[in-house]
Amino acid sequence: MIEFQNVSAGYEKSPILSGVSLCLKPGAVTVILGPNGCGKSTLLKSLVGLSQVSAGEIFLDGMPLRTFSSADTAKKIAYLPQSRRVPDITVERLVLHGRFPHLSYPRKYRKQDYAIAEEAMRQVGIADLAQMPMTRLSGGTRQKVYLAMALAQDAPTIILDEPTTYLDIAHQLQVMELGRELARQGKAVVMVLHDLDLAMQYGDHLVLFERGTLIAQGTAEDLYCAGHLQKVFGVKIYQVPTPCGLRYFCAHM
């Protein structure tokens, strides 16, 4: 489990996040929500050393995160950032990069690494593209390859910053179902999303930020009934019963 205790993070003299206390629990899909620039990505980056923690403490399995080496952190937390370069290598080779934290020097892949990478590609539906160069893929397919790389890391916590970017609706739903399945397997799945409908449909726990401050957290029903989402985003949110359960949609005030 990952726990934030009164954490401020960002830049030393100008933190983006302020006084955040939050638990990211295994077995659940946690969705981080908020307007652009509110600190969502900074929260994720603070977990992997890409954003400086200026106050408070982050704990990983009860131990201060700062006491873990980068390699040990990578064995515990798989992080898929929002933007990434596109290397001129095959799909399989990129997915295998997810195995780096588990390899000793010199990095030589074992049979089990290839097996784990193959299973990760199968899970996101790209197993038939293993030998395809990354540079020849569409943006949506590349996104699925990077997701497979994160899965191949085989960490108990998976952090995904905008994982549905570039994907059509069918593949967006596939990614969200995969997140739910990983949570059922006991992993802590954390996503930053802008799509409120997807967030409220698939998120077990929603965390709402505004201007670097944690405004509210709870289930979709909790945040809807309290009116927090409507206030922060400046939209009207409607709750509609469907054969698949409650769904939400947004409209201008």
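Residues numbered from 1 in each chain as written. Predicted model: local features only at pLDDT ≥ 70, side-chain atom pairs only at ≥ 80, totals over all residues. Heavy atoms only, no water.

**Brief notes about the nonpolar core**
Membership of the largest hydrophobic core comes to 55 residues, with the highest contact counts inside it found for Leu33, Val91, Val95, Ile126, Val145 and Leu229. Considering every element that reaches this core, the biggest residue donor is helix α5 (residues 139-152), with eight residues. Not counting residues within four places of it along the chain, the set of residues in contact with Val95 comprises Ala117, Ala120, Met121, Val145, Ala148, Met149 and Ala152. One finds Leu24, Ile58, Ile77 and Leu214 within the second-largest nonpolar core, a separate group that totals 24 residues. (Core = buried A, V, L, I, M, F, W, Y, C linked by side-chain atoms within 4.5 Å. Buried < 20%, exposed > 50% of the residue type's maximum accessible area, 1.4 Å probe, protein only. Helix = DSSP H or I, 4+ residues; strand = E, 2+ residues; numbered from the N terminus. Contact = heavy atoms within 4.5 Å.)

**Some thoughts on the sheet that holds strand β9 (residues 205-210)**
Read from one edge to the other, the open sheet built from six strands follows the order β6-β7-β8-β3-β9-β10, with strand pairing classed as mixed. Taken across any chain shown, the strands that pair with only one partner, and hence form the sheet edges, are β6 (77-80) and β10 (213-218). Between one strand and the next, the sheet's axes are offset by a mean angle of 15°, whatever the strand orientation. Bridge count for β6 against strand β7 (residues 157-161) is four bridges, and the pairing is parallel. If you follow Tyr79 over to β7, its bridge partner there is Ile159. Strands in contact with α5 are β6 and β7; relative to β6, the strand with the most contacts, it is inclined by about 170°. (Pairing = 2+ DSSP bridges. Axes fitted to C-alpha atoms, helices over the stretch in contact; angles between N-to-C directions.)

**Some thoughts on a nonpolar patch on the surface**
A cluster of nonpolar residues, Tyr238, Val240 and Phe249, forms a patch on the protein surface that exposes about 250 Å² of accessible area. Relative to the helices and strands, Val240 is located in strand β11 (residues 235-242). Classification of Val240 as partly exposed rests on a relative accessible area of 31%. (Patch = residues over 30% accessible without salt bridge, like charges linked within 9 Å, V, L, I, M, F, W, Y side chains within 5 Å. Areas by Shrake-Rupley, 256 points an atom, 1.4 Å probe, with all protein chains shown as cover. Salt bridge = Lys/Arg side-chain N within 4 Å of Asp/Glu carboxyl O.)

**Comments concerning the state of the cysteines**
All chains considered together, the criterion is met by zero disulfides. With no disulfide of its own, Cys23 has Cys38 as its nearest cysteine by sulfur position, at a separation of 19 Å. The thiol of Cys250 is not disulfide-bonded; the next cysteine sulfur, from Cys225, is found 15 Å away. (Disulfide = S-S within 2.5 Å.)

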